[in-house]
Amino acid sequence: MLFPPSSFAGGAGDVYRQVDVPHVLFVFFGATGDLARRKLYPALYELWKGGELRGRMAVLGVSRRPFDDEAYREFVRKAVNEYRPFALYGEAARSFLERFSFLSADVGDAETTAKLAARIAGVEERFSLPGNRVFYLSIAPQHFAPIAQGLKTSGLLEGSGFRRVVIEKPFGWDLRSARELNAALLEAFDERDIYRIDHYLGKAMVQNIAVLRFANLLFEPLWNRHYIAQVEITAAETVGVGDRKGYYEAAGALRDMVQNHILQMVAMVAMEPPGRFEPEAIRDEKVKALRSLRVYRPEEVPLFVVRGQYRPGVTLGEAVPGYREEIGKPTSTTETYVAAVLFLENFRWWGVPFLVRTGKRLARKRTDIVIHFRNLPPTVKALSGIEGEELTPNRLVLRVQPDEGVFLTFNVRASRSPFQLVPTAMELSRGEAIGFNTPEAYERLLYDVVVGDPTNFTRWDEVEAAWRWVDPVAEFFSAAGEEGLAFYPAGSEGPAEAQRIARRHGLPFTSLVDERAPVLP
């Protein structure tokens, strides 16, 4: 669903295409985990409330917790009410929660698949479901392949109706492990039925990148090296690692954010116009963009990539520990911050730096994409008769979160002086035009899985191309140890080294704390 009809309209119920939504059974592995509690159940409730899945779905949760159906339903009710206050009470709660059933089982147990088959048959019979099944693997990645194989050998992938599997990141640990995992999944599922989820692709503003480019003549003719000086992508967080200590210590920011979210946004900005606005044509163009990324040799990595780790500091007015103190490992060299300069070696983008950065415990939570257009020639200023004034380059800012919006900066004459130019911003904000009730990312993506639209999910060759860029950088980080690890205080803009590599190749990164986000300080 690349072009949701109400991308700039209000009301979540208008977003979804008018299609016949099939009846479906969701099987959630990891049904009592943090992702299910925070994202999946609130998203399902919104789809139920909006009518997209009302009376069309059932859920079978699978987890090791010793729940029965009633305990599971109470867990789901609390989860939804925590993130959608006062949503599930009375009749609304009963009609929604009666669709939830539970199987207490260990996914590593050989008997689990037999128990699962019996429970699935019972749930489908109770709600007269036609056999369409979505298996959502919200569990540790080492379980992906065994579960897929168990589903196949138990016959749960046979019969009428579709069989789809949803995979959460990380998809592999490097290119080799990703290939092994993909081969295991392909033994059970066809590629068209594997939905590798990246929730950033479900965010309204990321989906609107293509809308702005291809549906507006204003931008597409300028979307190239002749008019764009630099592309800047930021995914900054104020939080630490929280309860993900074990995972994050092994993954770091490079694998956790750059390999998926950041490179997917790069692909969306850099892709060529697809010949047809169909899922495979769109993903073909994203793959081409990712394959054109210049892969750095080990000796080049320090020239283009900076890694950092936060130390104790003050975030949002609160004193917080450093990463090493937070995880209890005083010698950790895991990066909590990555900044890099990327180059795409193709005709459209040759020589244009793509500056990307992501990190934890930074000064401000912000995810945005900034398109920096080139400077006007000096003759323009001379002809204007204005002395001593700088003409600020135009900038297009796509704010992904926390406040979705689009900003375009341009130069105008100051109201009180005919000889002074000032940069100003034209703003289209979510609250004013896009609509307060636009769906959350997981709501969009769950809907897309049910209707069979893979546009906003990563295909295997996208994953492969991303790992080709990440692997040499990860290997360099591992070999370097603490050497080259730049420390920064929590609550800051990140390590100073990031601005140095940015200036070496183009403009500096935009300040995280500047409220005039579209304007460089």
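Labelled according to an unreviewed UniProt entry, the protein chain appears under the name Glucose-6-phosphate 1-dehydrogenase, originating from Brockia lithotrophica. UniProt annotates the protein chain under Sequence similarities (unreviewed entry) with the comment "Belongs to the glucose-6-phosphate dehydrogenase family." For the record of the protein chain, the UniProt heading Pathway (unreviewed entry) holds the text "Carbohydrate degradation; pentose phosphate pathway; D-ribulose 5-phosphate from D-glucose 6-phosphate (oxidative stage): step 1/3."

Quick question: what am I supposed to make of the overall build of the protein chain here?
For the protein chain, the count of helices and strands is 16 helices and 17 strands. Here the protein chain holds 521 residues, and 58% of them are scored as buried. When contacts within the protein chain are restricted to residue pairs at least 6 apart in sequence, those whose partners lie at least 24 apart make up 77%. Of the roughly 21600 Å² of accessible surface on the protein chain, a fraction of 53% belongs to carbon and sulfur atoms.

Even after reading the chapter, I still don't get the UniProt feature "binding site: NADP(+)" (unreviewed entry) in the protein chain, so can you show me in this structure?
Those places that UniProt annotates as "binding site: NADP(+)" (unreviewed entry) correspond, in this numbering, to G30, A31, T32, G33, D34, L35, A36, R37, R64, D106, V107 and K169. Locating A36 in the fold gives a position in helix α1 (residues 34–49). Of the residues examined, A36 reaches a relative accessible area of 0% and is grouped as buried. Setting aside residues no more than four positions away along its own chain, A36 makes contact with G30, A31, Y41 and P42. Turning to its location among the elements, D106 is positioned in the loop between β3 (100–104) and α4 (112–126). With sequence-adjacent residues up to four places away left out, D106 is seen in contact with R64 and T112.

Could you clarify how one ought to interpret the sheet that holds strand β1 (residues 24–29) in this entry?
Strand pairing in a sheet relies on backbone hydrogen bonds, with the paired strands running either antiparallel or parallel. With respect to topology, 6 strands assemble into an open sheet ordered β3-β2-β1-β4-β5-β6, the strand pairing being parallel. Each of the sheet's edge strands pairs with one partner strand only, and the pair in question is β3 and β6 (194–196). Within this sheet the neighbouring strands show an average axis-to-axis angle of 20 degrees, counted without direction. Sheet topology places strand β2 (residues 57–63) next to β3; 5 bridges connect them, and they run parallel. Along β3, the bridge assignment pairs G61 with F102. Across the sheet, α1 touches β1, β2, β3 and β4 (133–137), and the angle it forms with β1 is around 170 degrees.

I would appreciate a short explanation of the nonpolar core in the present structure.
Membership of the largest hydrophobic core comes to 110 residues, with the highest contact counts inside it found for F29, L116, F135, V305, F354 and W469. At 13 residues, the largest contribution of residues to this core is made by helix α8 (residues 245–270). When we break this core down by domain, the ones giving at least three residues each are domain 1 (24–168) and domain 2 (201–505). Residues within four places of V305 in sequence aside, it is in contact with Y296, V338, A339, A340, W469, V473, F477 and I501.

Which parts of the structure should I look at to understand the packing of α1 against helix α14 (residues 441–451)?
What describes two packed helices is the angle between their axes and the distance between those same axes. Between α1 and α14, the shortest axis-to-axis distance is 8 Å and the interhelical angle comes to 65 degrees. Relative to α14, the element α1 is oriented roughly perpendicular. Once α1 is placed against α14, the crossing between them reads as right-handed. Here L35, K39, L40, A43, L44, E46 and L47 of α1 lie close against α14, whose contacting residues are Y442, E443, L446 and Y447. Here the residues of the contact of α1 with α14 are counted per class, giving 8 nonpolar, no polar and 3 charged.

Explain the packing of aromatic side chains to me, please; I cannot follow it from the model alone.
What describes a pair of aromatic rings is the distance from one ring centre to the other and the angle between the planes of the rings. Counted under the stated rule, the structure contains 25 aromatic pairs. Pairing Y72 with F102 gives two aromatic rings, centres 5.0 Å apart and planes at 45 degrees, and the pair type is tilted. Highlighted residues: Y72 in helix α2 (residues 69–83) and F102 in strand β3, separated in sequence by 30 residues. According to the relative accessible area criterion, Y72 is buried, its value standing at 0%. Of the residues examined, F102 reaches a relative accessible area of 3% and is grouped as buried. Ring geometry for Y195 against F457: centres 5.0 Å apart, planes inclined by 85 degrees, an arrangement best described as edge-to-face. Of this pair, Y195 sits in strand β6 while F457 is found in the loop between α14 and α15 (460–480), placing the two residues 262 residues apart along the sequence. Residue class for Y195 comes out buried when judged on its relative accessible area of 2%. Through a chain of ring-to-ring contacts, three or more aromatic side chains come together here, namely F26, F28, Y41, Y45, W48, F67, Y72, F75, F96, F100, F102 and Y136. Positioned over the ring face of F171 is R196, at 5.0 Å from the centre of the ring.

Would you mind showing me how to read the pairing of β4 here?
In summary, the side chains of a regular strand alternate between the two faces of the sheet. Within β4, 5 of the 5 residues are buried, leaving the element largely enclosed by the surrounding structure. Burial along β4 is two-sided: the residues R133, F135 and L137 and V134 and Y136 are all buried. Pairing geometry for β1 and β4, over 5 bridges, is parallel. Within the sheet, the bridge partner assigned to F26 lies in β4 and is V134. Note that β4 and strand β5 (residues 163–167) share 5 bridges and pair parallel. Bridge pairing in β5 places Y136 opposite V166. At this point the chain moves from β4, through helix α5 (residues 144–153), to the parallel β5, and the crossover so formed is right-handed.

Sorry, what's going on with the pairing of strand β15 (residues 405–413) here?
Here strand β14 (residues 395–401) pairs with β15 via 5 bridges, running antiparallel. Note that in β15 the partner of R399 across the bridge is G405. Here β14 folds back onto β15, and the loop between the two strands holds 3 residues.

Here is what the cut-offs are and how they apply
- One numbering rule holds for all chains: residues counted from 1, following each sequence as written.
- The predicted origin of the model limits local features to residues at a pLDDT of at least 70 and limits the giving and counting of side-chain atom pairs to 80 or more, whereas totals for whole chains, interfaces and linings rest on all residues.
- Here the side-chain values reflect all heavy atoms present in the structure, with hydrogen atoms and water set aside.
- UniProt positions are given in the numbering used here, feature names are shortened, and annotations may be inferred rather than shown by experiment.
- Note on conventions: DSSP H or I runs of at least 4 residues are helices, E runs of at least 2 residues are strands, and numbering of each starts at the N terminus.
- Only protein chains enter the accessibility calculation, which uses a 1.4 Å probe; a residue whose area is less than 20% of its type maximum is buried, one above 50% is exposed, and one in between is partly exposed.
- Note on contacts: a residue pair is in contact if any heavy atoms of the two residues lie within 4.5 Å.
- Areas reported as accessible are Shrake-Rupley estimates using a 1.4 Å probe. Residue values count occlusion only from the protein chains shown.
- When DSSP locates at least two bridges between a pair of strands, those strands are taken to pair.
- Structural elements are reduced to axes, namely lines fitted to C-alpha atoms, with helices fitted over the stretch in contact, and the angle between N-to-C directions of any two is expressed from 0 to 180 degrees.
- Residue types Ala, Val, Leu, Ile, Met, Phe, Trp, Tyr and Cys, when buried and joined through side-chain atoms within 4.5 Å, form a set referred to as a nonpolar core.
- The start and end points of each domain follow an automatic or database-based domain assignment.
- We call two directions roughly parallel when the angle between them is under 35 degrees, roughly antiparallel when it is over 145, roughly perpendicular when it lies between 65 and 115, and oblique otherwise.
- Note on convention: near helix rotated counterclockwise from far helix by under a right angle means a left-handed crossing. Clockwise means right-handed.
- Any residue that is not Ala, Val, Leu, Ile, Met, Phe, Trp, Tyr, Cys, Pro, Asp, Glu, Lys or Arg is counted as polar, Gly included; the first ten are nonpolar and the last four charged.
- What counts as a ring pair is set by centres within 6.5 Å for rings of Phe, Tyr and Trp (its six-membered ring), and what kind of pair is set by the plane angle: stacked under 30 degrees, edge-to-face over 60, tilted for all other angles.
- A ring is considered to have a charge above it if a Lys NZ or an Arg CZ atom is located within 6 Å of its centre and within 35 degrees of its normal.
- Throughout, right-handed denotes a crossover for which the path from the first strand over the helix to the second runs clockwise when the strands point away from the viewer.

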